[in-house]
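Architecture at a glance
The residues making up each chain are set out below.
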Amino acid sequence: MTIALRAAQILVVLVAASVPAGAQTRTELLDRLVHAYPDFLSGHDGKQILWRDGTAMPVDDGIDDKSFNQRLRDASILDQLRLPYPVGASAPPAVNADPGRFRNEAFFKKMYGDCRNGAVQRNLVTITWLPRSWGKAVQVTRINGVAGRLEEVSAEIDKLDPALRAAAFPIAGVLSCRPVADTGKMSMHGYAVAIDLNLKYSDYWLWAGSGKSIPYKNRMPQEIVDIFERHGFIWGGKWYHYDTMHFEYRPELLAR
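First, a word on scope: everything that follows refers to the structure included in this document. Just so it is clear, the structure is predicted and the values come from calculations on it, not from any experiment. (Residues numbered from 1 in each chain as written. Predicted model: local features only at pLDDT ≥ 70, side-chain atom pairs only at ≥ 80, totals over all residues. Heavy atoms only, no water.)

1. Focus: the overall build of the protein chain
What counts here: The numbering of helices and of strands both runs from the N terminus, where a helix is a DSSP run of H or I of at least 4 residues and a strand a run of E of at least 2. Only protein chains enter the accessibility calculation, which uses a 1.4 Å probe. A residue is then buried if its area is under 20% of the maximum for its type, exposed if over 50%, and partly exposed in between. Note on definitions: a residue-residue contact is assigned when non-hydrogen atoms from the two residues lie within 4.5 Å. Per-residue and other accessible areas follow the Shrake-Rupley method at a 1.4 Å probe size, with only the shown protein chains counted as cover for residues.
Along the protein chain, the regular secondary structure elements total 8 helices and 8 strands. Counting all 256 residues of the protein chain, 49% fall into the buried class. Once local pairs closer than 6 in sequence are excluded, the contacts in the protein chain between residues at least 24 apart make up 60%. Approximately 12200 Å² of the protein chain is accessible, and the part contributed by carbon and sulfur atoms is 55%.

2. Quick look at the state of the cysteines
Throughout this description, disulfide means a covalent bond between two cysteine sulfur atoms. Keep this limit in mind: The definition used for a disulfide is geometric: two cysteine sulfur atoms within 2.5 Å.
As enumerated under the stated definition, the model contains 1 disulfide in all. Note on cysteine connectivity: Cys-115 is disulfide-linked to Cys-177, with sulfurs 2.0 Å apart. Its S-S torsion of about 80° marks the bond between Cys-115 and Cys-177 as right-handed, since a negative value means left-handed. Placement of the pair is Cys-115 in the loop between α5 (105-112) and β4 (124-129) and Cys-177 in the loop between α7 (162-165) and β6 (194-196), with a sequence separation of 62 residues. A relative accessible area of 6% places Cys-115 in the buried class.

3. Side note on the pattern of salt bridges
Any two side chains of opposite charge can pair, on the condition that their charged atoms come close. The criterion, for reference: Salt bridges are counted wherever a side-chain nitrogen of Lys or Arg sits within 4 Å of a carboxyl oxygen of Asp or Glu.
The full count for this structure, using the stated rule, is 16 salt bridges. A salt bridge links Glu-252 to Arg-250; the shortest N-O distance between them is 2.7 Å.

4. As for unusual backbone geometry
With the exception of glycine, the majority of residues adopt a negative phi angle, and the majority of peptide bonds are in the trans configuration. The omega torsion of the bond from Phe-169 to Pro-170 falls at -10°, within 30 degrees of zero and hence cis. Position of Pro-170 among the secondary structure elements: in the loop between α7 and β6. One non-glycine residue, Asn-144, adopts positive backbone phi at about 60°. Here Asn-144 lies in the loop between β5 (136-141) and α6 (146-157). Phi angles above zero are rare outside glycine, and Ala-192 is one such case at about 60°. The topology assignment puts Ala-192 in the loop between α7 and β6.

5. Remarks on the nonpolar core
To keep it simple, the criterion reads: To qualify as a nonpolar core, a set must consist of buried Ala, Val, Leu, Ile, Met, Phe, Trp, Tyr and Cys residues joined through side-chain atoms within 4.5 Å.
Within the largest apolar cluster, 59 residues are counted, with the highest numbers of intra-cluster contacts made by Trp-129 and Phe-228. Discounting chain neighbours no more than four positions away, the residues touching Phe-228 are Trp-129, Leu-150, Val-153, Ile-157, Ile-195, Leu-197, Phe-233 and Phe-247. Residues Tyr-204, Trp-205, Ile-214 and Tyr-240 belong to the second largest nonpolar core, which totals 5 residues.

Written out as C-alpha coordinates, the structure reads:
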(Lines give C-alpha, C1' and ligand atoms only; values in the text may rest on other atoms or scores of the structure.)
Protein backbone atom coordinates (compact mmCIF):
# COMPACT_ATOMS: atom_id res chain seq x y z
CA MET A 1 0.00 0.00 0.00
CA THR A 2 1.41 3.38 -0.93
CA ILE A 3 1.78 6.18 1.59
CA ALA A 4 -0.60 8.36 -0.43
CA LEU A 5 -3.30 5.66 -0.45
CA ARG A 6 -2.92 5.04 3.27
CA ALA A 7 -3.20 8.80 3.94
CA ALA A 8 -6.37 8.97 1.85
CA GLN A 9 -7.92 6.10 3.82
CA ILE A 10 -7.12 7.82 7.11
CA LEU A 11 -8.70 11.05 5.83
CA VAL A 12 -11.91 9.21 4.94
CA VAL A 13 -12.10 7.70 8.44
CA LEU A 14 -11.53 11.07 10.10
CA VAL A 15 -14.19 12.79 7.99
CA ALA A 16 -16.69 10.02 8.71
CA ALA A 17 -16.00 10.25 12.43
CA SER A 18 -16.73 13.99 12.41
CA VAL A 19 -20.24 13.51 11.00
CA PRO A 20 -22.89 12.90 13.67
CA ALA A 21 -24.93 9.70 13.43
CA GLY A 22 -28.16 9.92 11.50
CA ALA A 23 -26.96 12.55 9.01
CA GLN A 24 -25.51 12.09 5.56
CA THR A 25 -22.92 14.83 5.75
CA ARG A 26 -21.59 17.56 8.00
CA THR A 27 -22.67 20.08 5.36
CA GLU A 28 -26.24 18.78 5.48
CA LEU A 29 -26.39 19.29 9.24
CA LEU A 30 -25.06 22.83 9.06
CA ASP A 31 -27.34 23.72 6.15
CA ARG A 32 -30.26 22.55 8.30
CA LEU A 33 -29.15 24.73 11.19
CA VAL A 34 -28.76 27.84 9.02
CA HIS A 35 -32.14 27.23 7.40
CA ALA A 36 -33.81 26.91 10.81
CA TYR A 37 -32.66 30.34 12.05
CA PRO A 38 -32.64 32.67 9.02
CA ASP A 39 -32.99 35.85 11.09
CA PHE A 40 -29.64 35.22 12.75
CA LEU A 41 -27.53 32.91 10.59
CA SER A 42 -26.27 33.80 7.13
CA GLY A 43 -24.36 30.63 6.29
CA HIS A 44 -21.41 28.42 7.16
CA ASP A 45 -18.11 27.34 5.66
CA GLY A 46 -18.10 23.85 7.14
CA LYS A 47 -15.97 24.93 10.07
CA GLN A 48 -17.79 28.01 11.35
CA ILE A 49 -21.36 29.22 11.60
CA LEU A 50 -21.63 32.73 10.18
CA TRP A 51 -23.97 35.13 11.97
CA ARG A 52 -25.63 38.06 10.26
CA ASP A 53 -23.83 40.49 12.58
CA GLY A 54 -20.49 39.25 11.24
CA THR A 55 -19.67 36.88 14.08
CA ALA A 56 -18.08 33.55 13.18
CA MET A 57 -18.58 30.71 15.67
CA PRO A 58 -16.74 27.35 15.45
CA VAL A 59 -19.08 24.42 14.94
CA ASP A 60 -16.83 21.75 16.41
CA ASP A 61 -14.28 21.40 19.18
CA GLY A 62 -12.30 18.68 17.43
CA ILE A 63 -13.13 16.08 20.08
CA ASP A 64 -14.90 13.13 18.48
CA ASP A 65 -14.78 10.63 21.36
CA LYS A 66 -16.74 12.53 24.03
CA SER A 67 -18.82 10.51 26.43
CA PHE A 68 -22.57 11.09 26.68
CA ASN A 69 -22.09 13.16 29.84
CA GLN A 70 -19.36 15.25 28.22
CA ARG A 71 -21.68 16.11 25.34
CA LEU A 72 -24.41 17.09 27.81
CA ARG A 73 -22.10 19.42 29.69
CA ASP A 74 -19.87 20.72 26.91
CA ALA A 75 -21.67 20.34 23.57
CA SER A 76 -20.34 21.79 20.35
CA ILE A 77 -22.76 23.19 17.78
CA LEU A 78 -22.45 19.98 15.77
CA ASP A 79 -23.16 17.96 18.92
CA GLN A 80 -26.57 19.65 19.02
CA LEU A 81 -27.46 17.87 15.79
CA ARG A 82 -25.74 14.60 16.57
CA LEU A 83 -28.84 12.58 17.47
CA PRO A 84 -31.75 12.45 14.98
CA TYR A 85 -35.13 13.44 16.38
CA PRO A 86 -37.96 10.99 15.50
CA VAL A 87 -40.96 13.01 14.29
CA GLY A 88 -44.41 11.56 14.94
CA ALA A 89 -45.36 8.47 16.91
CA SER A 90 -42.28 6.52 17.96
CA ALA A 91 -41.10 3.72 20.22
CA PRO A 92 -39.67 4.41 23.71
CA PRO A 93 -36.16 5.86 23.33
CA ALA A 94 -33.07 3.69 23.46
CA VAL A 95 -30.53 4.19 26.26
CA ASN A 96 -29.10 7.74 26.12
CA ALA A 97 -31.08 8.63 23.00
CA ASP A 98 -31.80 12.24 23.98
CA PRO A 99 -32.13 14.20 20.70
CA GLY A 100 -31.98 17.88 21.55
CA ARG A 101 -30.49 17.64 25.04
CA PHE A 102 -27.00 18.39 23.68
CA ARG A 103 -26.99 22.20 23.62
CA ASN A 104 -24.20 24.65 22.97
CA GLU A 105 -24.83 27.36 25.53
CA ALA A 106 -22.90 30.06 23.67
CA PHE A 107 -25.05 29.51 20.55
CA PHE A 108 -28.37 29.95 22.34
CA LYS A 109 -27.17 32.77 24.56
CA LYS A 110 -26.05 34.76 21.51
CA MET A 111 -29.41 34.19 19.82
CA TYR A 112 -31.81 34.76 22.73
CA GLY A 113 -29.73 36.64 25.30
CA ASP A 114 -28.74 35.97 28.89
CA CYS A 115 -31.63 35.90 31.36
CA ARG A 116 -29.21 36.64 34.18
CA ASN A 117 -28.63 40.19 32.91
CA GLY A 118 -32.16 40.88 31.67
CA ALA A 119 -31.48 40.43 27.95
CA VAL A 120 -34.08 37.67 27.53
CA GLN A 121 -36.69 39.62 29.48
CA ARG A 122 -36.42 42.58 27.10
CA ASN A 123 -37.78 40.42 24.28
CA LEU A 124 -40.75 38.93 26.12
CA VAL A 125 -44.27 39.36 24.77
CA THR A 126 -47.57 38.22 26.26
CA ILE A 127 -49.82 35.63 24.66
CA THR A 128 -52.97 33.97 25.93
CA TRP A 129 -52.56 30.23 26.36
CA LEU A 130 -55.65 28.23 25.36
CA PRO A 131 -58.15 31.12 25.25
CA ARG A 132 -61.16 28.78 25.14
CA SER A 133 -59.95 26.31 27.78
CA TRP A 134 -57.72 28.22 30.23
CA GLY A 135 -57.24 31.79 29.06
CA LYS A 136 -54.20 32.78 31.11
CA ALA A 137 -51.47 35.24 30.07
CA VAL A 138 -48.08 33.72 29.35
CA GLN A 139 -44.85 35.54 28.52
CA VAL A 140 -42.55 34.09 25.85
CA THR A 141 -39.80 35.46 23.62
CA ARG A 142 -40.66 37.16 20.35
CA ILE A 143 -37.30 36.12 18.85
CA ASN A 144 -37.55 33.67 15.93
CA GLY A 145 -41.30 34.17 16.02
CA VAL A 146 -41.62 31.83 19.00
CA ALA A 147 -44.52 33.75 20.52
CA GLY A 148 -46.52 33.58 17.30
CA ARG A 149 -45.76 29.89 16.89
CA LEU A 150 -46.97 29.16 20.41
CA GLU A 151 -50.16 31.07 19.69
CA GLU A 152 -50.72 28.78 16.71
CA VAL A 153 -50.02 25.73 18.87
CA SER A 154 -52.47 27.05 21.47
CA ALA A 155 -55.21 27.56 18.90
CA GLU A 156 -54.85 24.01 17.59
CA ILE A 157 -54.81 22.41 21.03
CA ASP A 158 -57.91 24.42 21.97
CA LYS A 159 -59.79 22.58 19.19
CA LEU A 160 -58.98 19.11 20.54
CA ASP A 161 -61.38 16.96 22.49
CA PRO A 162 -61.58 18.16 26.14
CA ALA A 163 -60.10 14.89 27.39
CA LEU A 164 -57.00 15.51 25.27
CA ARG A 165 -56.47 19.22 25.79
CA ALA A 166 -56.74 18.77 29.58
CA ALA A 167 -53.07 17.72 29.49
CA ALA A 168 -52.07 21.18 28.22
CA PHE A 169 -53.20 23.31 31.19
CA PRO A 170 -52.57 24.69 33.69
CA ILE A 171 -49.00 25.03 32.52
CA ALA A 172 -45.98 24.62 34.78
CA GLY A 173 -44.11 27.56 33.27
CA VAL A 174 -42.19 29.13 30.38
CA LEU A 175 -39.43 31.53 31.47
CA SER A 176 -37.30 30.20 34.31
CA CYS A 177 -33.74 31.47 34.62
CA ARG A 178 -32.15 28.28 35.93
CA PRO A 179 -29.74 25.52 34.90
CA VAL A 180 -30.82 22.01 33.92
CA ALA A 181 -30.76 19.74 36.97
CA ASP A 182 -28.24 17.18 35.69
CA THR A 183 -26.00 19.32 33.45
CA GLY A 184 -25.51 22.68 35.13
CA LYS A 185 -26.11 24.39 31.75
CA MET A 186 -28.84 26.95 31.19
CA SER A 187 -32.26 25.44 30.61
CA MET A 188 -34.11 26.33 27.41
CA HIS A 189 -36.63 27.88 29.80
CA GLY A 190 -33.93 30.45 30.52
CA TYR A 191 -34.38 31.72 26.95
CA ALA A 192 -38.21 31.67 27.14
CA VAL A 193 -38.45 29.20 24.24
CA ALA A 194 -39.72 26.21 26.22
CA ILE A 195 -43.05 25.45 27.87
CA ASP A 196 -43.97 22.84 30.47
CA LEU A 197 -47.56 21.60 30.37
CA ASN A 198 -49.84 20.14 33.04
CA LEU A 199 -47.88 18.43 35.83
CA LYS A 200 -50.75 16.04 36.50
CA TYR A 201 -50.20 14.45 33.08
CA SER A 202 -46.42 14.54 33.22
CA ASP A 203 -43.59 12.12 33.89
CA TYR A 204 -39.92 12.92 34.49
CA TRP A 205 -36.99 10.53 34.53
CA LEU A 206 -35.61 11.78 37.85
CA TRP A 207 -38.92 10.91 39.50
CA ALA A 208 -38.38 7.27 38.50
CA GLY A 209 -35.61 6.70 41.04
CA SER A 210 -31.96 5.79 40.60
CA GLY A 211 -31.95 2.29 39.15
CA LYS A 212 -29.54 0.99 36.51
CA SER A 213 -32.12 1.67 33.80
CA ILE A 214 -34.92 4.19 33.49
CA PRO A 215 -38.42 2.75 32.97
CA TYR A 216 -40.18 4.80 30.31
CA LYS A 217 -43.44 6.52 31.27
CA ASN A 218 -45.73 8.83 29.33
CA ARG A 219 -49.28 10.17 29.62
CA MET A 220 -49.02 13.10 27.19
CA PRO A 221 -51.45 12.65 24.25
CA GLN A 222 -49.79 12.11 20.89
CA GLU A 223 -52.18 14.65 19.36
CA ILE A 224 -50.58 17.41 21.46
CA VAL A 225 -47.08 16.24 20.55
CA ASP A 226 -47.95 16.27 16.85
CA ILE A 227 -49.20 19.86 17.05
CA PHE A 228 -46.05 21.11 18.74
CA GLU A 229 -43.81 19.33 16.25
CA ARG A 230 -45.63 20.87 13.29
CA HIS A 231 -44.68 24.29 14.65
CA GLY A 232 -40.99 23.61 15.32
CA PHE A 233 -41.03 22.33 18.91
CA ILE A 234 -39.43 19.09 20.04
CA TRP A 235 -40.83 17.03 22.91
CA GLY A 236 -38.97 15.81 25.99
CA GLY A 237 -40.94 12.57 25.88
CA LYS A 238 -38.67 11.42 23.05
CA TRP A 239 -35.66 11.37 25.35
CA TYR A 240 -34.37 8.37 27.27
CA HIS A 241 -34.04 10.89 30.12
CA TYR A 242 -37.66 11.83 29.50
CA ASP A 243 -39.49 14.98 30.52
CA THR A 244 -42.96 14.56 29.07
CA MET A 245 -44.32 17.97 30.10
CA HIS A 246 -41.52 19.74 28.22
CA PHE A 247 -41.56 21.24 24.71
CA GLU A 248 -38.84 23.52 23.31
CA TYR A 249 -38.39 25.41 20.04
CA ARG A 250 -35.71 23.55 18.07
CA PRO A 251 -36.61 23.73 14.38
CA GLU A 252 -33.16 22.54 13.29
CA LEU A 253 -34.06 19.06 14.58
CA LEU A 254 -37.34 18.96 12.68
CA ALA A 255 -36.18 20.25 9.29
CA ARG A 256 -36.30 17.72 6.46
